[in-house]
Amino acid sequence: MNKLRKIFNEKFSDTGLAKGAFSAPGRVNLIGEHTDYNEGFVLPMAIDKKIIMLGQLRNDRLVQVFDLVYKTKIKFSLDALSPLRKDTWANYLMGVMDEIQKAGYPLQGANIIFNSNIPQRAGLSSSAALEVVTALTMAKLNLLEIEPVEMAHLCQRAENNFVGVACGIMDQYVSCLGQKNYALFIDCRSNDYDLIPFKDHNYQIVICNSKIQRGLVDSEYNRRREECKVAAKFFNHKLKREIRALRDVSIDEYKKYQRQLPEVIARRARHVIFENYRVQAGVQALREGNFLAFGQLMIESHQSLKNDYEVSCAELDLLVNLALKQEGVLGARMTGAGFGGCTINLLKREHIDAYKETIKQGYKKITGIIPDIYVTPPAEGAKVLELR
Ligand code: GLA
């Protein structure tokens, strides 16, 4: 924070107006993958990697941003917001400001600086964190009352409309509303949420970064969304009630009609429908402190993402397989959109060191890559930091 403040003072002159520091975390999803845009259930948690932003209001409509990740400075007006082709990271900030204004909130310009320790393009939602921290910074400095759920939706719209990525609501939601030692159970239709305790001295979530980044993510993500729509439309036609999304289809209904669906569509639907059940079973297991059952659900989730939804990749499968051979690993699965990024592993605490060693060696032997491993309890969502 001191470093950030020092650089802020070097880059910008004091406007004498409101100033503040804010943060927003990345996330992992414990279970419930590719269910959010099917109006289903998810269970993510915020992680202790975050973006910190420092901002001060200006007397005009100009926004100046210096970022310590790419070390670039950009300047734009709140009256002329349109996506950039270069320095595309700025689109997340511009998109959020655009959506805040479109929602009818007045904004003044600002000088902004930010830094991040969330690995990028690793599936840990550094972009959602950047959107959320921007929204919080602008809301607080401009004295706007924006509730966290509204803020999450606003950030999602920024990503959909301005950045052009058709993501669901999960990442922004948990970055806004995460809580220390709790996972966040979200109903992505009603937007209701529940905090699920995730603290046990014996168990720990360990994140393993495959360091694989696939360009395929966006196009395949959009294709999966379309396939789910096709499946929902089919069930809407077959069943004698309204099916708005795959969330509305039960396992029995699926089993009854699955053979009438094209094979690929049937597999996509099976993943989503069963995954929604797994999330609910997972919540129940955590409430009972049954980590063994939760681990089993993680394993099933990964198999389904690999075989039915086809969003895993060889490296993620390798990490999961290596993990499951390790003593003390209760569950392992890919997390996030897929095609690279991270796995999450549920481990007995005393086996973490051995896990790290063996996974690093095993993964390197086959891929030549040393994976990064992070151990993190569920962390806090976006917040105001003290500026001392
Ligand atoms: C990405 C999206 C989320 C969600 C996940 C898959 O992280 O941003 O909205 O769809 O993929 O579960």
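It should be noted that the structure appears before, not after, this text.
This write-up is about the structure you can find in this document. The model shown is predicted, which means the values in this text are computed figures rather than measured ones.

A look at helix α5 (residues 170-177)
For an α-helix, the turn length of 3.6 residues means that residues three or four places apart are oriented alike. Within α5, eight of the eight residues are buried, which leaves it mostly tucked inside the rest of the structure. By the burial criterion, the buried members of α5 are M170, D171, Q172, Y173, V174, S175, C176 and L177. In the core, the buried residues of α5 are packed alongside β1 (19-31), β2 (41-57), α3 (126-141), α4 (148-163), β6 (182-187) and β7 (193-197).

Concerning the site of the ligand
Near the ligand you find R27, E33, H34, D36, Y37, C167, G168, M170, D171, Y221, G336 and A337, and these make up its full shell. In the environment of the ligand, an oxygen atom lies 2.6 Å from a nitrogen or oxygen atom belonging to the side chain of E33. D171 places a polar side-chain atom, nitrogen or oxygen, 2.6 Å from an oxygen atom of the ligand. When the free accessible area of the ligand is taken as 300 Å², the share hidden by the protein chains comes to 93%. Looking at the shell around the ligand, its residues break down into five nonpolar, three polar and four charged.

Focus: the environment of D194
Within the fold, D194 resides in strand β7. Relative accessible area serves as the criterion here: at 34%, D194 is assigned to the partly exposed category. D194 sits ten residues away from L184 along the chain, and the two C-alpha atoms are 5.9 Å apart. Ignoring anything within four residues of it in the chain, the contact list for D194 reads A183, L184, F185 and R287. Within polar-contact distance, the side chain of D194 engages the side chain of R287 at 2.7 Å.

Remarks on the packing of α3 against α5
One way to put it is that α3 packs onto α5 with a least axis distance of 9 Å and a crossing angle of 55°. When the interaxial angle is binned, α3 and α5 end up oblique. Crossing of α3 against α5: the hand is right-handed. Together, A128, A129, E131 and V132 of α3 and D171, Q172, S175 and C176 of α5 make up the contact between the two elements. Each residue belonging to the contact of α3 with α5 can be placed in one class, and the counts come to four nonpolar, two polar and two charged.

Considering the environment of G336
Following the sequence through the fold, G336 ends up in the loop between β9 (329-335) and β10 (342-348). Here G336 is in contact with R27, E33 and H34, once residues within four sequence places are set aside.

Quick look at the packing of aromatic side chains
Enumeration according to the criterion identifies eleven aromatic pairs in this entry. Plain terms: the ring middles of F198 and F294 are 6.5 Å apart, the flat faces sit at 70° to each other, and that makes the pair edge-to-face. Taken together, the residues span a long stretch of sequence, with F198 in the loop between β7 and β8 (203-209) and F294 in helix α9 (residues 291-307) at a distance of 96 residues. Overall, F198 belongs to the buried group, its relative accessible area being 5%. For F294, a relative accessible area of 0% puts it in the buried group. Taken together through their ring pairs, the aromatic side chains of F198, Y203, F291 and F294 make up a single cluster.

Looking at the side chain of R58
For R58, the position within the fold is in the loop between β2 and β3 (62-67). A residue is classified by how much of its surface remains accessible, and R58, at 13% relative accessible area, is buried. Here N111 takes part through its side chain, which lies 3.0 Å from a polar atom of the side chain of R58. Ignoring any residue separated from it by four or fewer positions in sequence, one finds R58 in contact with T15, L17, Q64, Q108, G109, A110 and N111.

Here's the deal with the nonpolar core
Residues L43 and M97 are the most contacted members of the largest nonpolar core, which totals 81 residues. Sorting elements by how many residues they give to this core places α3 first, with nine residues. Setting aside residues up to four positions removed in sequence, M97 forms contacts with V63, F76, L78, L81, L107, I112, T134 and M138. One finds Y37, A232, I251 and V311 within the second-largest nonpolar core, a separate group that totals 28 residues.

Conventions adopted
- Residues numbered from 1 in each chain as written.
- Predicted model: local features only at pLDDT ≥ 70, side-chain atom pairs only at ≥ 80, totals over all residues.
- Heavy atoms only, no water.
- Buried < 20%, exposed > 50% of the residue type's maximum accessible area, 1.4 Å probe, protein only.
- Helix = DSSP H or I, 4+ residues; strand = E, 2+ residues; numbered from the N terminus.
- Contact = heavy atoms within 4.5 Å.
- Near = heavy atom within 4 Å.
- Polar contact = N/O pair within 3.5 Å; in protein donor to acceptor, adjacent residues only side chain to side chain.
- Areas by Shrake-Rupley, 256 points an atom, 1.4 Å probe, with all protein chains shown as cover.
- Nonpolar A, V, L, I, M, F, W, Y, C, P; charged D, E, K, R; others polar.
- Axes fitted to C-alpha atoms, helices over the stretch in contact; angles between N-to-C directions.
- Parallel < 35°, antiparallel > 145°, perpendicular 65-115°, else oblique.
- Left-handed = near helix turned anticlockwise from the far one by under 90°.
- Phe/Tyr/Trp six-rings, centres within 6.5 Å; stacked < 30°, edge-to-face > 60°.
- Core = buried A, V, L, I, M, F, W, Y, C linked by side-chain atoms within 4.5 Å.

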